[in-house]
Structure formats: C-alpha cells, structure tokens
Amino acid sequence: MDAIEAARAVVEDQHPEARTAFLGGSVATGRGTATSDLDVVVLLHGAPAPYRESLQYADWPVEMFVHTEATWRAYIERELPTRRSPLLWMCADGLLLFDTDGLGARLAAHARALVAAGPSPVPADEIDDCRYAITDLLDDLAGSTDPSERLFIATELVRRTGELALAVAGSWGGGGKWLARRLETTAPELNARLHHGLREVLDGRAEPLVTVVDEVLARVGGRLWVGYKRAGTP
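Because the structure is predicted, anything quoted here is derived from the model rather than measured.

S.K.: Go over the sheet that holds strand 4 (residues 60–68) with me, naming the residues and quoting the values.
M.R.: The five strands are arranged 3-4-2-1-5 in an open sheet whose pairing can be described as mixed. Whereas interior strands pair on both sides, the edge strands pair on one side only; in this sheet they are strand 3 (51–57) and strand 5 (95–99). Averaged over neighbouring strand pairs, the angle between their axes works out to 20° when direction is ignored. Strand direction decides the pairing type here: strand 1 (residues 20–24) and strand 5, joined by four bridges, are antiparallel. Pairing of Ala-21 across the sheet is with Phe-98, part of strand 5. The sheet contacts of helix 1 (residues 3–14) involve strand 1, strand 2 (38–44), strand 3, strand 4 and strand 5, and relative to strand 3 the element is tilted by about 120°. Seen against the sheet, helix 3 (residues 69–79) touches strand 2 and strand 4 and runs at an angle of roughly 100° to strand 4.

Here it is, written out as structure tokens:
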C-alpha cells in the first residue's frame, strides 16, 4: 500500500465521519526516507478532537493530528508567534486527501496565505536573549578542552545560530531536520558553513565555527554579555 492509499485508509478506519484530511510532512513533499512516517491531519465536527496519536497502520507508522475547525485555528494562532508551526505547514504543503464539504480547500488556502505572509518580526528582547545565549556558548567553547563537552557545546551553537539566522531573515523556523531544510532554502551557504564548522570542532579546530557564528551575531549587534539583564518572575 503506497503512502496516499495508506493515509486515506487509516482515516477511513479511524474516523469515517471526517470532514477532510491532509497528508503532510516529508512523504508529502517528496523528501521521505526509509523511516518516514505518515503525518495525517484530520478535521472532525467535534469530539474526540482535538488529540494526537502515534499508531501503526499496515506497513506505515502514522502520526495523526485530529482537530475540529475551531481547534485547528486555535492551534495555528498559538504556534504563529513561535515562527514554527508544523500543523500550518502540513496543510499548506500537504496533499488534500479528501474534502467532503469544502473545509479542506478553505484551510489549505488559509494556511498557504499565512505561510506566504511569513512569520511575525522577532521582538528585540528575544534577539538579545539569543545573543546572550550564543555568547555564553562561545565562551564555553573557548574554555573547554574536553572533547565530549565541545561536541555538545558546538552542536547547540549550530542549532541556536541557525535559528537566529532564520529569525533575522524573516523566515519560518523548524526543528531537527526541518531546521536544516529551512536553512538550505533560506541560507544554503550558511547551512554548509555551520556543518563544516561543527566537523572542524570535532577535529579540534573551533575557529571556523566561531567565525561563522560571529558573522551571524554581527547582523544583530554582535556578542552580548555585559549589560544583559532580565527581570525575574515574582
């Protein structure tokens, strides 16, 4: 059973009353691997939505995201300020499996419009938080001689620097492989340099990674340590 057949079949099996459904994620965008699952978004009239479930169907692992129209919109609104919304992208880039009453077409159009409009600008205090965290990691990397420590410091530096670069560019973010994919689309040279810098750290040379991290920081004012201050929660 191919991916589309399996996605339609699992929705019919689990929710025959569904209004519409999408197949999203790596499989839908042509970037599936041997271990990819089926990301299936299902829209119901009401209960038991909303919920999320991981299951096995035929030969496919399935991640099912079940919503009503109201909860779908609420989740999207909640995720938009984070500038990364898997649910939004599953419906914007995904395949519409079926659409009983036009809801799927409306949600797909809305999702594509939101994606095209881009995320909201990053607040200045959030940028400063990123600068501070990255500066702290750079100091840790400079002072560490332990290979295990350097591995985790450098990996965290790559992740945070990639996220900052996407935010500054006004691009959508992502986690894990989706961070790499967003960077490859938005800043392919940076993506390659971060990858190279990480490998160099593992071979004992931190300078290439430090250089590229500092270049990204320079776009937002450089390193930040002295003068950084945040109020605590009472």
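S.K.: Got a sec to walk through the nonpolar core? Specific residues and values, please.
M.R.: In terms of nonpolar packing, the biggest core is built from 26 residues, with Ile-134, Leu-157, Leu-164, Leu-190, Leu-194, Leu-209 and Val-213 touching the most fellow members. Looking at this core, the elements that each hand over two or more residues are helix 6 (124–143), helix 7 (147–168), helix 8 (177–186), helix 9 (188–202) and helix 10 (207–218). Counting residues per element, this core draws most heavily on helix 7, at eight residues. Sequence-distant contacts of Leu-194, defined by excluding residues within four places in its chain, comprise Val-158, Thr-161, Gly-162, Leu-183, Leu-209 and Val-212. In terms of nonpolar packing, the next biggest core, distinct from the first, is built from 20 residues, Trp-89, Met-90, Ala-92 and Leu-103 among them.

S.K.: Mind laying out the packing of helix 7 against helix 9, listing which residues take part and the relevant values?
M.R.: For any two helices packed against each other, one specifies the inter-axial angle together with the distance between the axes. Between helix 7 and helix 9, whose axes approach to 9 Å, the crossing angle comes to 170°. Judged by the inter-axis angle, helix 7 sits roughly antiparallel to helix 9. Between helix 7 and helix 9, the residues in contact are Arg-150, Leu-151, Ala-154, Thr-155, Val-158, Thr-161, Gly-162 and Ala-165 and Leu-190, Leu-194, Leu-198, Val-201 and Leu-202, respectively. Partitioning the contact of helix 7 with helix 9 into residue classes produces nine nonpolar, three polar and one charged.

S.K.: So what about the pairing of strand 4? Which residues, and what values?
M.R.: Buried residues dominate strand 4, accounting for eight of its nine residues. Pairing of strand 2 with strand 4 involves seven bridges; the strand directions are parallel. By the bridge assignment for strand 4, Val-40 is matched with Met-64. With seven bridges connecting them, strand 3 and strand 4 associate as antiparallel partners. Within strand 4, the residue paired with Ser-54 across the bridge is Glu-63. Turn length for the strand 3-strand 4 hairpin, with the two strands adjacent in sequence and antiparallel, is two residues, and the turn residue Ala-58 shows positive phi of about 55°.

S.K.: Tell me about the layout of surface pockets, and name the residues and values.
M.R.: Here the largest pocket is characterised by a volume of approximately 770 Å³. For the largest pocket, the lining is made up of 33 residues, of which Asp-39, Pro-86, Leu-87, Met-90 and Trp-178 are closest to its centre. Elements with a contribution of two residues or more to the lining of the largest pocket: helix 2 (25–28), strand 3, strand 4, helix 3, helix 4 (86–92) and helix 8. By volume, the second largest pocket is sized at about 280 Å³. Arg-83, Glu-126, Glu-163, Leu-164 and Ala-167 are, among the 17 residues lining the second largest pocket, the residues nearest its centre. Elements represented by at least two residues in the lining of the second largest pocket include exactly helix 6 and helix 7.

S.K.: Please give an account of the environment of Pro-119 that cites residues and values.
M.R.: Examined against the element boundaries, Pro-119 turns out to sit in the loop between helix 5 (103–117) and helix 6. Exposure remark for Pro-119: the relative accessible area of 14% places this residue in the buried category. Along the sequence, Pro-119 and Thr-71 sit 48 residues apart, while their C-alpha atoms lie 20 Å from each other. Among residues more than four places away in sequence, those in contact with Pro-119 are Arg-83, Gly-170, Ser-171 and Trp-172.

S.K.: Just give me the short version of the pattern of salt bridges, but keep the residues and values in it.
M.R.: Taken as a whole and judged by the stated rule, the model has 14 salt bridges. Of the charged contacts, one joins Glu-63 and Arg-52 as a salt bridge, the two residues approaching to 3.6 Å between their closest N and O atoms. Of this pair, Glu-63 sits in strand 4 while Arg-52 sits in strand 3, and the two are 11 residues apart along the sequence. Arg-52 sits in the exposed class, given a relative accessible area of 57%. Within the structure, one salt-bridge network assembled from shared partners comprises Arg-19, Glu-69, Arg-73 and Asp-101.

Calculation notes
Residues numbered from 1 in each chain as written. Predicted model: local features only at pLDDT ≥ 70, side-chain atom pairs only at ≥ 80, totals over all residues. Heavy atoms only, no water. Pairing = 2+ DSSP bridges. Helix = DSSP H or I, 4+ residues; strand = E, 2+ residues; numbered from the N terminus. Axes fitted to C-alpha atoms, helices over the stretch in contact; angles between N-to-C directions. Contact = heavy atoms within 4.5 Å. Core = buried A, V, L, I, M, F, W, Y, C linked by side-chain atoms within 4.5 Å. Buried < 20%, exposed > 50% of the residue type's maximum accessible area, 1.4 Å probe, protein only. Parallel < 35°, antiparallel > 145°, perpendicular 65-115°, else oblique. Nonpolar A, V, L, I, M, F, W, Y, C, P; charged D, E, K, R; others polar. 1 Å grid on protein atoms, 1.4 Å probe; cavity = no way out; pocket = protein on both sides within 12 Å on 5 of 7 lines; lining within 4 Å. Points joined across faces, edges and corners; volume = space filled by probe spheres on them. Salt bridge = Lys/Arg side-chain N within 4 Å of Asp/Glu carboxyl O.

From the geometry alone we can't say anything about function, so treat these as descriptive.
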